[in-house]
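# Fold and geometry: a report
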Amino acid sequence: MSVTENNVSEAMREGVVIPATSRAERFTSHDVEAFEVPGGREENWRFTPMKRLRGLHDGSATVSGSATVDADAAPELKIEKVGRDDERLGVAGVPSDRIAAQAYSSFTEATVITVPKETKTSKPSTVKITGPGEGKVAYGHVQVRAEQFSEAVIVLDHVGSGTYADNVEFVIGDSANVTVVSVQDWADDAVHVSEQHLKLGRDATLKHIVITLGGDLVRVSPTATFADKGGDVEMLGLYFADEGQHQEHRLFVDHAVPNCKSRVMYKGALQGDGAHTVWVGDVLIRAAAEATDTYELNRNLVLTPGARADSIPNLEIETGEIEGAGHASATGRFDDEQLFYLQSRGIGEDAARRLVVRGFFHEILVKIGVPEVRERLEAAIEAELEAVGV
């Protein structure tokens, strides 16, 4: 790292914000003690309300319960419960912050979901992860393995109460084609911090979708890497924050090999006092990653006063031999011109506002590709709008 541990400690004592460094220098480790205890001024933590993490960041959140994992899976899938010593675990990525390292060190049993070689599953599969319960703490680990030339749709559905931190791995084999949906639909008291590791093989295709609706504090950090040429990852996200909710999404796409493609699109809406969303999108194109094609986009719609959205896209390029690269970000309130247009056609103001919000999310909804998830999400958005009379 470019900032030494001594420099970090000194800067923390002086109350300054630790500046961001190149993502090429990002530190990773399975060892919890290899990371400083974050104080909230580091670039990686400066938007996160540290007191609401309930001790996940400093080691005081000790295990007091367990999350349950249940599956409604296609018959072609293989689902296993394995111990910490299973050699397959950890191959998709290494924790990049203290909470992820704590989660990796603290789980006792992992769930491994395998799509066999050259298999196309007969239906979407849902894996429900239920929190440990109000006032309890648990750590978890899930790995999805898609072997070469396989095809599958897998939904990870997070529900319930409690404090939960985990690592999720997606290991996508050569020429596999997989859609994964991570739904965070927690109860109002829940805290969830998740690092998700996406590793794509040669000519692999992955659509990775994150949907965040519930919880007191939810922080999801997906990292995509490419093991060989021809990988194609599409990272989509939709989030809706209510009064007092903190929702944070931190993405990193690491292009280290040639001829790979990435597309990122996240959209969020906020309403109510203290509603806060954070989106940070980092894309690194390393010197060896010639012919890379990448673009990232974030849009936020603020529905009421008192809500705040932070959006930070970052693009770092170490080679000029690329197909294309770009990023865009915008945050705003209702479009008055759209409202005026709809009202001029005889549509009432409340109905016009609902149409604007639905239209804002439509681009994401049509890409989900799982009817049950899309219908559930549409109903959840409608319920959120009704709650404040939009």
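One can find the structure itself at the top, above this paragraph.
From a predicted model like this one, the values you see are computed outputs, not experimental measurements.

## Observations concerning unusual backbone geometry
- Although it is not a glycine, D203 adopts a positive phi angle of roughly 60°.
- If you check the backbone angles, A291 has positive phi at about 65° while not being a glycine.
- Along the chain, A291 turns up in the loop between strand 15 (276-285) and strand 16 (293-302).
- Given a relative accessible area of 21%, A291 falls into the partly exposed group.

## Describing empty space enclosed by the protein
- Under the criterion given, the structure shown has one cavity of 30 Å³ or more.
- Every residue along the wall of the largest cavity is listed here: V183, I211, L213, V373, R376 and L377.
- Ranked by residue count, the leading element in the lining of the largest cavity is helix 5 (residues 371-387), at three residues.
- Classifying every residue of the lining of the largest cavity gives five nonpolar, no polar and one charged.

## Quick look at the packing of aromatic side chains
- Counted according to the given criterion, the structure contains six aromatic pairs.
- On the numbers, 5.8 Å between centres and 80° between planes, the contact of Y104 with F107 is edge-to-face.
- Looking at Y104, the relative accessible area reads 14%, which means it is buried.
- Where Y164 meets W186, the ring centres are 6.2 Å apart and the plane angle is 50°; that geometry is what we call tilted. Here Y164 is found in strand 7 (residues 163-172), whereas its partner W186 is found in the loop between strand 8 (177-184) and strand 9 (191-200), with 22 residues between them in sequence. Of the two residues examined, Y164 and W186, each falls in the buried class.
- When the ring centre of F107 is taken as reference, the NZ or CZ atom of R84 above it lies at 4.5 Å.

Calculation criteria
- Residues numbered from 1 in each chain as written.
- Predicted model: local features only at pLDDT ≥ 70, side-chain atom pairs only at ≥ 80, totals over all residues.
- Heavy atoms only, no water.
- Helix = DSSP H or I, 4+ residues; strand = E, 2+ residues; numbered from the N terminus.
- Buried < 20%, exposed > 50% of the residue type's maximum accessible area, 1.4 Å probe, protein only.
- 1 Å grid on protein atoms, 1.4 Å probe; cavity = no way out; pocket = protein on both sides within 12 Å on 5 of 7 lines; lining within 4 Å.
- Points joined across faces, edges and corners; volume = space filled by probe spheres on them.
- Nonpolar A, V, L, I, M, F, W, Y, C, P; charged D, E, K, R; others polar.
- Phe/Tyr/Trp six-rings, centres within 6.5 Å; stacked < 30°, edge-to-face > 60°.
- Lys NZ or Arg CZ within 6 Å of the ring centre and 35° of its normal.

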